[in-house]
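# Structural characterization, general
The primary structure of each chain is shown beneath.
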Amino acid sequence: MKRIVLMGFFSFISGLFPSSTHSEPLISALSEVQTHEIKVMSKQGKEIMVKYLGEKVSYTEDDIDQVVIKWRQSEKTNKESPDELIGNLGAYLGELLIANHDLAWCMYEDARGNDYCITHKKIVVHTFPHSTVYKAAIEGREYAIKDVSNALLEQINEHLDDPEIKTH
């Protein structure tokens with residue numbers, strides 16, 4: 001069985017690992033505290049979206065990319081710290097993807113550590129929204145967010161009915 005792990009921008013090229021090459025990660029549901037933390041960060045993420053783009057009925061992955069670009073270009077001393085931006089926009093991105101696709105938050109733990117991720121509810125496909133925002137904001141990978149979203153959807157659509165892909 002193959003496991004799909006989508007870590008962030010262009011990780012779909014180097015980050016899709018058959019489970020035979022890595023020890024099995026531990027995937028667990030979020031606790032109530034973690035779920036609350038994600039909701040609070042997502043709400044703050046939306047406030048960042050409004051700050052940089054103005055109030056909209058809904059936002060897209062392209063909008064998050066635009067906010068990251070504007071944040072990077074901003075020379076204001078009161079702009080969000082990198083940790084605030086990554087945490088809050090990462091949570092907002094995760095909530096956006098969950099709202100539009102058959103995904104759920106979980107905690108992903110392996111030999112390298114643990115992190116919030118989102119996973120497909122039927123097949124084992126993971127992506128890390130906070131890592132995606134990190135790569136866009138800190139590493140300067142413009143349009144990383146939309147690219148990761150597209151890659152995630154491609155992987156889901158390609159493997160949803162593939163019997164070789166591990167299911168939950």
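## As for the pairing of strand 3 (residues 103-110)
Among the eight residues in strand 3, six count as buried, and that is most of the element. Alignment of strand 2 (residues 26-28) against strand 3, held across three bridges, turns out to be antiparallel. Along strand 3, the bridge assignment pairs L26 with E109. Across eight bridges, the pairing between strand 3 and strand 4 (residues 113-120) is antiparallel. Bridging across to strand 4, C106 finds its partner in C117.

## What about the nonpolar core?
Ranked by size, the top nonpolar core spans 33 residues in total, and within it I38, M49, I64, L89, Y116 and I145 carry the most contacts. For this core, the elements supplying multiple residues, two or more each, are helix 2 (32-53), helix 3 (61-73), helix 4 (82-100), strand 3, strand 4, helix 5 (129-137) and helix 6 (144-159). In terms of residue count, the dominant contributor to this core is helix 4 (eight residues). Those residues in contact with I38 that lie beyond four places of it in its chain are L30, A91, E95, W105, Y116 and H130.

## Some remarks on the pattern of salt bridges
Taken as a whole and judged by the stated rule, the model has six salt bridges. Of the charged contacts, one joins D63 and K56 as a salt bridge, the two residues approaching to 3.1 Å between their closest N and O atoms. Residue classification places D63 among the buried residues on the basis of a relative accessible area of 11%.

## Here's the deal with the state of the cysteines
By definition, a disulfide is the covalent link that joins the sulfur atoms of two cysteine residues. With the rule as written, the count across this model stands at zero disulfides. The structure places no disulfide on C106, whose sulfur is separated from the nearest cysteine sulfur, that of C117, by 3.1 Å. Residue class for C106 comes out buried when judged on its relative accessible area of 3%.

## Digging into the packing of helix 4 against helix 5
Running from amino to carboxyl end, helix 4 crosses helix 5 at an angle of 125°, the nearest separation of the two axes being 8 Å. Classified by the angle between their axes, helix 4 and helix 5 sit oblique to one another. As helix 4 packs across helix 5, the resulting crossing turns out to be right-handed. Between helix 4, through L85, I86, G87, L89, G90, A91, L93 and G94, and helix 5, the contact on the second element is made entirely by P129, H130, T132, V133, Y134 and A137. Of the residues in the contact of helix 4 with helix 5, the class split is nine nonpolar, five polar and no charged.

## Details of unusual backbone geometry
With a phi close to 65°, Y143 is a non-glycine residue in the positive phi region. Inspection of the secondary structure puts Y143 in the loop between helix 5 and helix 6. With a relative accessible area of 40%, Y143 lands in the partly exposed category.

## Re the packing of aromatic side chains
In this structure the tally under the stated criterion is three aromatic pairs. Considering the side-chain rings of W105 and Y116, the 6.1 Å spacing of their centres and the 75° angle between planes classify their relative orientation as edge-to-face. Taken together, the residues W105 in strand 3 and Y116 in strand 4 connect sequence positions 11 residues apart. According to the relative accessible area criterion, W105 is buried, its value standing at 12%.

## Focus: the confidence of the model for the chain
Overall, the prediction assigns the chain a mean pLDDT of 85, with 83% of residues at 70 or greater. Summarising per-element confidence for the chain, the mean pLDDT is lowest in helix 1 (residues 11-14) (33) and highest in helix 2 (97). Overall, residues 6-21 carries pLDDT values under 50, and its contacts beyond four positions in sequence, including any with other chains, amount to 38 contacts.

Criteria and cut-off values
Residues numbered from 1 in each chain as written. Predicted model: local features only at pLDDT ≥ 70, side-chain atom pairs only at ≥ 80, totals over all residues. Heavy atoms only, no water. Buried < 20%, exposed > 50% of the residue type's maximum accessible area, 1.4 Å probe, protein only. Helix = DSSP H or I, 4+ residues; strand = E, 2+ residues; numbered from the N terminus. Pairing = 2+ DSSP bridges. Core = buried A, V, L, I, M, F, W, Y, C linked by side-chain atoms within 4.5 Å. Contact = heavy atoms within 4.5 Å. Salt bridge = Lys/Arg side-chain N within 4 Å of Asp/Glu carboxyl O. Disulfide = S-S within 2.5 Å. Axes fitted to C-alpha atoms, helices over the stretch in contact; angles between N-to-C directions. Parallel < 35°, antiparallel > 145°, perpendicular 65-115°, else oblique. Left-handed = near helix turned anticlockwise from the far one by under 90°. Nonpolar A, V, L, I, M, F, W, Y, C, P; charged D, E, K, R; others polar. Phe/Tyr/Trp six-rings, centres within 6.5 Å; stacked < 30°, edge-to-face > 60°. pLDDT = per-residue confidence, 0-100.

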